[in-house]
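Chain by chain, the residues run as shown.
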Amino acid sequence: MYRTGYCCINLSLDENFKTMQLTWANKNPEEVPKKWREVVTHNFRLLGKIIEWNINNKVFLYRISSDLIPFADHEVWGQLWREALRADWMAEVSSPARQALTNYRTLGGRLTIHPGQFVVISSERQDVREKSLLNLEYHAQLLDYLGLPETVECPINIHISNGSKGEQVVNNVEDTMDDYIFIIGIYSLKYNIIPLLFSRSKNKILSVRGMLHPGALSQKSFKKNKTMKKLKEKRA
């Protein structure tokens, strides 16, 4: 079993995921539903084919394409996605992919999905934060629809930093998501420690991943041991 994987496109298969252009959709609104359904059908079929290829070739880490569903978070055309979530036709065309993903995970496969770089929930601009949340909701809906669990084996990787200082990152995130804050890692002052200690969020979820493993602690040990000491003192 290979513990390394790849992102989205399988170069061994002579197919690519399809997409749609918003400019074309706005100029041809009557044709959009039919075209959208064709693209979604193709993409689900190809996803299933890729997962089967991964299983056969013992590649058990794969990043699902964020562009599987065109316009999913669009203010107008996003209605197509929301309606399709309850539609029999999409349940039918996605069934092979969902079954392949179930088999993949049973065999130890890990999955991830990574929204585009424009999704930044810590942006100084409120409109960017709001659109980012809509896009993240789509990703969560997609993973739920595919039957994938809410675990570290199937994460949604989120862009947090926009170049701001740690304090500003915390403030911007809290303005948008004040109930929960999910912190990945424990050794960064800007992105881990400041949000953990000073965030006003009611619920703080800390994911240390493998950072407490002896092998990880042996790298930059002075910084990490100092960080752990400070955290223990704060807790006490």
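Since this is a predicted model, take the numbers as computed values, not measurements. (Residues numbered from 1 in each chain as written. Predicted model: local features only at pLDDT ≥ 70, side-chain atom pairs only at ≥ 80, totals over all residues. Heavy atoms only, no water.)

(A) Here's a closer look at the overall build of the chain. When helices and strands are tallied, the chain shows nine helices and five strands. Traced from its N-terminal end to its C-terminal end, the chain shows the element sequence β-α-α-β-α-α-β-α-α-β-α-β-α-α. Taken over 236 residues, the chain has a buried fraction of 39%. Taking the intrachain contacts of the chain between residues at least 6 apart in sequence as the baseline, contacts between residues at least 24 apart amount to 71%. For the chain, the accessible surface area stands at approximately 14200 Å², while carbon and sulfur atoms represent 53% of it. (Helix = DSSP H or I, 4+ residues; strand = E, 2+ residues; numbered from the N terminus. Buried < 20%, exposed > 50% of the residue type's maximum accessible area, 1.4 Å probe, protein only. Contact = heavy atoms within 4.5 Å. Areas by Shrake-Rupley, 256 points an atom, 1.4 Å probe, with all protein chains shown as cover.)

(B) Region of the structure containing the layout of surface pockets. Here the second largest pocket defines a volume of roughly 640 Å³. Along the wall of the second largest pocket there are 25 residues; nearest its centre are Phe71, Asp73, His74, Phe118 and Asn135. (1 Å grid on protein atoms, 1.4 Å probe; cavity = no way out; pocket = protein on both sides within 12 Å on 5 of 7 lines; lining within 4 Å. Points joined across faces, edges and corners; volume = space filled by probe spheres on them.)

(C) Here's a closer look at the environment of His114. Positionally, His114 belongs in the loop between strand 3 (110-113) and helix 5 (126-145). His114 gets classed as partly exposed once you look at its relative accessible area, which sits at 24%.

(D) Summary view of the confidence of the model for the chain. Across the chain, pLDDT averages 83, with 75% of residues at or above 70. In the model of the chain, helix 6 (residues 166-176) stands out as the element of lowest mean pLDDT, 60, in contrast to helix 2 (residues 32-56), which has the highest, 98. (pLDDT = per-residue confidence, 0-100.)

(E) Expanded view of the packing of helix 2 against helix 4 (residues 88-106). Taken N-terminus to C-terminus, the directions of helix 2 and helix 4 make an angle of 20°; their axes are 9 Å apart at the nearest point. With respect to helix 4, the element helix 2 is oriented roughly parallel. The handedness of the crossing between helix 2 and helix 4 comes out as left-handed. The residues of helix 4 that touch helix 2, namely those facing Trp36, Arg37, Val40, Thr41, Phe44, Leu47, Gly48, Ile51, Glu52, Asn54 and Ile55, are Trp89, Met90, Val93, Ser94, Ala97, Ala100, Leu101, Asn103 and Tyr104. Considering only residue class, the contact of helix 2 with helix 4 consists of 13 nonpolar, five polar and two charged. (Axes fitted to C-alpha atoms, helices over the stretch in contact; angles between N-to-C directions. Parallel < 35°, antiparallel > 145°, perpendicular 65-115°, else oblique. Left-handed = near helix turned anticlockwise from the far one by under 90°. Nonpolar A, V, L, I, M, F, W, Y, C, P; charged D, E, K, R; others polar.)

(F) Focus on the sheet that holds strand 3. On the basis of which strands lie adjacent, the open sheet formed by three strands has the order 1-2-3 and parallel pairing. Every interior strand has two partners, whereas the edge strands, strand 1 (6-7) and strand 3, have only one. Relative to strand 2 (residues 61-64), strand 1 runs parallel, the two sharing two bridges. Residue pairing for strand 2: Tyr6 is matched across the bridge by Tyr62. Along the sheet, helix 2 contacts strand 1, strand 2 and strand 3; its crossing angle with strand 2, the most-contacted strand, is approximately 170°. (Pairing = 2+ DSSP bridges.)

(G) Broad picture of the state of the cysteines. Applying the stated criterion across every chain, the model contains zero disulfides. The closest cysteine sulfur to the non-disulfide-bonded Cys8 is located on Cys7, 5.5 Å from its own sulfur. Relative accessible area serves as the criterion here: at 14%, Cys8 is assigned to the buried category. (Disulfide = S-S within 2.5 Å.)

(H) Just unusual backbone geometry, in detail. Despite not being glycine, Cys8 shows a phi value in the positive range, around 65°. One can find Cys8 in the loop between strand 1 and helix 1 (22-27). Of note in the backbone geometry, Lys58 takes a positive phi value of approximately 55° without being a glycine. The residue Lys58 is located in the loop between helix 2 and strand 2 in this model. Residue classification places Lys58 among the partly exposed residues on the basis of a relative accessible area of 46%.

(I) Geometry of the environment of Met90. Among the structural elements, Met90 can be located in helix 4. For Met90, a relative accessible area of 0% corresponds to the buried category. As a C-alpha pair, Met90 and Arg37 span 53 residues in sequence and 8.5 Å in three-dimensional space. Leaving out residues up to four positions away in the same chain, Met90 has contacts with Val40, Phe44, Trp81, Ala84, Leu85 and Tyr145.

(J) Molecular detail of the nonpolar core. One finds Trp36 and Ile69 to be the most contacted residues of the largest nonpolar core, which totals 41 residues. Ranked by residues supplied to this core, first place goes to helix 2 with 10 residues. Residues in contact with Ile69, not counting those within four places in the same chain, are Trp36, Val40, Phe44, Trp81, Tyr138 and Leu142. (Core = buried A, V, L, I, M, F, W, Y, C linked by side-chain atoms within 4.5 Å.)

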